[in-house]
Amino acid sequence: MIFNFKTIRLFIAVLLLLFAAEARADGPKKICVLPFEVYALSGSAELQASVYNSLLTEFGREKKVEVKTAGGFEPGSPVPNRQEAEAAGKALGADYVVFGSVMQFGETLNIDAQIIDVAGEKILPAVSVQGKEAAALAAALKREILDRAGLLDKIARVEIAGNRKIGADAVRQKLKSKPGNPLDEEDISDDIKTIFKMGYFLDVSADVATEAAGKVLTFNVVEKGLISEIRLVGNKKVDKDDILEAMSVKVRQSVNPENIKQDLQKIKALYDTKGYYNAEITDRLEKDGEKDFVLILDIKENDRVYIRSITFEGNESFTTKELVGMMATNERTLLGFITDTGILQSQQLKQDVQRLTAFYFNNGFVNAQIGEPVITHDDKGIYIKIVVREGKRFKIGKVEISGDYLEKTRADLYASLKTKTGSHYSREAIMKDMEMITTTANDEGYANADVNPQVTTHEKEQLVDLNFLLKKGELVHIARIGISGNTTTRDKVIRRSLFIVEGDLYSSTKLKKSYENLNQLRYFEEVDIQTDKAPDNQMDINIRVKEKNTGMFMIGAGYSAVDQAVIMAQIVQQNFLGYGQTMSLKASLGSKTNNYELSFTEPFLFDLPLWFKADVWKYKKEYDSYTLDTMGAGVTLGHPLFWKIVGYVGYKYSIDNIQDINYATASYYIKVQEGERKTSAVTFTMSYDTTNDVMFPSKGLKSTASVQYAGMPLGGNTKFVKYNASTIGFVPLFWDMVFSLKGQIGYLQN
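Asker: Quick one: what's the story with unusual backbone geometry, residue by residue and with numbers?
Answerer: Here the bond from Met-712 into Pro-713 is cis, since omega is 5°, no more than 30 degrees from zero. In this structure, Pro-713 sits in the loop between strand 31 (700–710) and strand 32 (720–732). In this structure, Glu-121 is a non-glycine residue whose phi angle is positive, near 50°. Note on placement: Glu-121 falls in the loop between strand 5 (108–117) and strand 6 (122–131). Notably, Leu-577 is not glycine yet its phi reads approximately 60°, a positive angle. Tracing the backbone through its elements, the reader meets Leu-577 in the loop between strand 24 (564–576) and strand 25 (581–590).

Asker: Which residues make up a negative patch on the surface, and what are the values?
Answerer: There is a patch of like negative charges on the surface, built from Asp-239, Asp-241, Asp-242 and Glu-245. Within the secondary structure layout, Asp-242 lies in helix 7 (residues 240–246). Its relative accessible area of 35% is what places Asp-242 among the partly exposed residues.

Asker: Can you break down the side chain of Gln-581 residue by residue, with the values?
Answerer: Looking at the element boundaries, Gln-581 is found in strand 25. In this structure Gln-581 comes out as buried when scored by relative accessible area, which is 14%. Once residues lying within four places of it in the same chain are set aside, the contact partners of Gln-581 are Gln-573, Gln-574, Asn-575, Phe-576, Phe-600, Thr-601, Glu-602 and Pro-603.

Asker: Tell me what's going on with the environment of Arg-252, and back it up with residues and numbers.
Answerer: Here Arg-252 shows up in the loop between helix 7 and helix 8 (257–273). Take Arg-252: its relative accessible area is 37%, and that puts it in the partly exposed class. Sequence separation between Arg-252 and Phe-293 is 41 residues, and the spatial gap between their C-alpha atoms is 9.6 Å. In contact with Arg-252, other than residues within four places in its own chain, are Lys-165, Leu-226, Ile-227, Ser-228 and Asp-292.

Asker: Explain helix 15 (residues 508–520) to me, and be specific about the residues and the numbers.
Answerer: With 13 residues, helix 15 extends 18 Å from end C-alpha to end C-alpha; this agrees with the ideal 18 Å at 1.5 Å per step. For helix 15, the set of buried residues is Ser-508, Leu-511, Ser-514 and Leu-518. All buried residues of helix 15 project into a common sector of 115° when viewed along the axis, lining one side. Of the surrounding secondary structure, the elements contacted by the buried residues of helix 15 are helix 13 (427–443), helix 14 (491–495), strand 21 (524–534) and strand 22 (538–547). Trailing helix 15 by a residue or two, Arg-522 shows a phi angle of about 65°, which is positive.

Asker: For the packing of aromatic side chains, give the residues involved together with the corresponding values.
Answerer: If you walk through the whole model with that rule in mind, you get 13 aromatic pairs. Pairing Phe-318 with Phe-359 gives two aromatic rings, centres 4.7 Å apart and planes at 65°, and the pair type is edge-to-face. Linking Phe-318 in the loop between strand 13 (307–313) and helix 9 (320–325) with Phe-359 in helix 11 (residues 346–361), this pair joins segments that are 41 residues apart in sequence. Residue classification places Phe-318 among the buried positions, given a relative accessible area of 11%. Of the residues examined, Phe-359 reaches a relative accessible area of 19% and is grouped as buried. Ring geometry for Tyr-723 and Tyr-747: centres 6.1 Å apart, planes at 25°, overall stacked. Residue Tyr-723 is found in strand 32, and its partner Tyr-747 is found in strand 33 (residues 738–749); the two are separated by 24 residues along the sequence.

Thresholds applied
- Residues numbered from 1 in each chain as written.
- Predicted model: local features only at pLDDT ≥ 70, side-chain atom pairs only at ≥ 80, totals over all residues.
- Heavy atoms only, no water.
- Helix = DSSP H or I, 4+ residues; strand = E, 2+ residues; numbered from the N terminus.
- Patch = residues over 30% accessible without salt bridge, like charges linked within 9 Å, V, L, I, M, F, W, Y side chains within 5 Å.
- Areas by Shrake-Rupley, 256 points an atom, 1.4 Å probe, with all protein chains shown as cover.
- Salt bridge = Lys/Arg side-chain N within 4 Å of Asp/Glu carboxyl O.
- Lys, Arg positive; Asp, Glu negative; His and termini not counted.
- Charge placed at Lys NZ, Arg CZ, Asp CG, Glu CD.
- Buried < 20%, exposed > 50% of the residue type's maximum accessible area, 1.4 Å probe, protein only.
- Contact = heavy atoms within 4.5 Å.
- Expected span 1.5 Å × (residues − 1).
- Arc of directions from axis to C-beta.
- Phe/Tyr/Trp six-rings, centres within 6.5 Å; stacked < 30°, edge-to-face > 60°.

As structure tokens, this is what we get:
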């Protein structure tokens, strides 16, 4: 082939054009931003310049974009139309031209942008953003424009590489960079910082690769070593398990110095609660293989220190002894080794400050302030100092109840108030009075009643005037009572224990008593009553219960000099088949005693408030001078008469046989009753019961009085009248102990 000089020149020119075209395609795209037309009541020129300059700044940050200024269309000059904008873009050699309008409504800006594809000679889909700041809107507008022009790289997926222990999803959920989002350098930089802040990695970097679906963003992490063992050194007074339980750092977790530091503080706090206020805890890491570590905690417990003194400053109305006596925190005593007194517990001390503050508020000191305790310590002990600012002591002046009226008269409400004129101001008494007035309104059906105590202070006279402002609202009826969680107990068993029914006026007292009744059934582990508003001034009551096992089986054995060896067994089902009935079978077998008893109790016979019990028994016991063999059956009916008073009537028939009498040792009364006797008797009983639990009461009183009659015309061959009365009271004491006192008296006639 023969080349001449002209052919070579033509070939070089073509190559240059091709390279120029490729360079233009791969180089930054040129975007010409023209001034936007502004519609505003005032400041149009300034707003136009602000939007224009903000857009130039935002596009100037993009490496893929070269910003071309407006040329002859600078801010302040006439705004170009589409043809003029497209012509300006071609003249400036721009790939895209951006122009549009700005509308201002008060403080809100609405920017509509048009994008012209100069090479394609077409308009791309418009962009609209709304907000208050031009700079923020310009950033959002830039991103949308680049997206329309196809100049944004989209993230196809986000990968995490190098992680051993920490799951990739745990890292991804903290990142700004998400699949489908634009690839943004600022977001990537923030994400790297975020991954570092997780505390699990020594190094983090990011790589970007390209695939058909978009960009693949990979965060390369280098994990910190794992903790293979936690070793405690020097702990003698505090158990290892207690220390490990207090820590958040666990074996097989990544080494995190910040978490270890926090755990040292937790361990120190644990030692403080045990009285080792001078304990010292340090940590160190030892290599375990190539990547893992042993976390070693060196503990120097030092001597236990106790509270040596608690002092007050500024207390004029009450002595230090009185104030210390109200605190759970106290000084070490001679018996401290038994009661463990004198140990400082921070949470307990905070509660003591709250208790002291409440004490002052409840004794007339409206402006009292109890300072934070100042704690110092040395080798001998701990010293606590509390500063008190009592202020003036106030008494109650006028006491009024204003606002809406209730059925209960104002006079009755005043009589029920604990806050009285002339008494010392008491926040506790005011709260109780608010509760009393609110409860009174609630019990009359005003479920949304509100009581606002208006307090007027007279500094000079040291008096506080008090006005309880009542807004009772509208009457509220109970729309629906819903019951859930009762997998065994029938709905009717729960409903008959309630003091409320659908359609009743709302009553907080009846709701509270219903709650107590359900708990006293002893069928449920949990009882939760919630109220929900319903339309038309109504309220729904939702009762949620959690069933518990109501069956009980007991077996035991014993030995005594009287009965010798005895084996006892009993089976009881308190909620038989979910109907609230009780079935009981018990037996005791021994060398000298045999006892069998079967009983059935129905608390609501025929679904009426009629208590019913039936018993059958067989009993035999050998005494020193005779043997008693008895069998019988009985039924009892009970019905509530008044509040807490129930009346019972019962009938029993028994056959009693006294046999095997030792005439040398038996008494006269035993000898004359030898043989078989049949007793047919009726019993009338009244019971008064205010105890708080059927089986295990801790407070309240239970009293009974009964008369039993046997004889004609009931049949049998025995005749007598027996009178009996008994009472038992329960008083709660400390440490969950209960004091009980019982008295009983009886008289047998004939």
